[in-house]
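# Descriptive structure summary
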Amino acid sequence: MKQFALAGLRVATALLLVVWGLIRVTAPEKGAGVSAKYYSGLGSAEAIQVAWGAALLVIGILVIIGLFRRFALVAQAVVLVFGALTIWKYLLDPLGLYLLTPETSNVLFFPSLALAFASLLLVALREEDRWSLDSWLQARRAGQ
């Protein structure tokens, strides 16, 4: 059960990066709009969105297949934790009761908190996750 849960968590968290990467690569104006609205315009240029989208795709695919996990899982954690930190008001006040207003709140951002901690958990339990390409390659090398 542990292997299934770790592999499932790895794939599920990485799919977010893949989806957002695809959006930024195929429709950079959507990523730019999100950047302008929630991240003070940081990186809103379409060329930056395409490059960022490509990076998210690469990280997401590496995490899904479990290759170069030592780096890919950390990269994913940086992306998801930084993303959660930048929307801290939405995480602390998802209903718009004290930091935001009901009109400016967005409860759909709240799962970002779970994704950030899930990504940290994957880094912490990397050695326990045996259903990965890294583990398969390591076992294959050990058997030679």
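The following refers to the structure shown.

About the thresholds
Residues numbered from 1 in each chain as written. Predicted model: local features only at pLDDT ≥ 70, side-chain atom pairs only at ≥ 80, totals over all residues. Heavy atoms only, no water. Salt bridge = Lys/Arg side-chain N within 4 Å of Asp/Glu carboxyl O. Helix = DSSP H or I, 4+ residues; strand = E, 2+ residues; numbered from the N terminus. Buried < 20%, exposed > 50% of the residue type's maximum accessible area, 1.4 Å probe, protein only. 1 Å grid on protein atoms, 1.4 Å probe; cavity = no way out; pocket = protein on both sides within 12 Å on 5 of 7 lines; lining within 4 Å. Points joined across faces, edges and corners; volume = space filled by probe spheres on them. Nonpolar A, V, L, I, M, F, W, Y, C, P; charged D, E, K, R; others polar.

## Some details on the pattern of salt bridges
This model, assessed by the stated rule, comprises 5 salt bridges. The closest approach of N and O atoms between Glu128 and Lys2, which form a salt bridge, is 2.9 Å. Taken together, the residues span a long stretch of sequence, with Glu128 in the loop between α6 (111-124) and α7 (133-143) and Lys2 in helix α1 (residues 2-26) at a distance of 126 residues. On the basis of relative accessible area, Lys2 is assigned to the partly exposed category, the value being 49%. A salt bridge links Arg126 to Glu127; its shortest N-O distance comes to 2.7 Å.

## Observations regarding the layout of surface pockets
Of the pockets and cavities examined, the largest pocket occupies roughly 720 Å³. For the largest pocket, the lining is made up of 25 residues, of which Arg24, Tyr39, Trp52, Val79 and Gly83 are closest to its centre. Tallying contributions element by element places helix α4 (residues 69-86) first for the lining of the largest pocket, with 5 residues. A per-class count over the lining of the largest pocket returns 19 nonpolar, 5 polar and 1 charged. Only α4 and α7 provide two or more residues apiece to the lining of the second largest pocket. Among the elements that line the lining of the second largest pocket, the one with the most residues is α7, at 5 residues. A per-class count over the lining of the second largest pocket returns 4 nonpolar, 2 polar and 7 charged.

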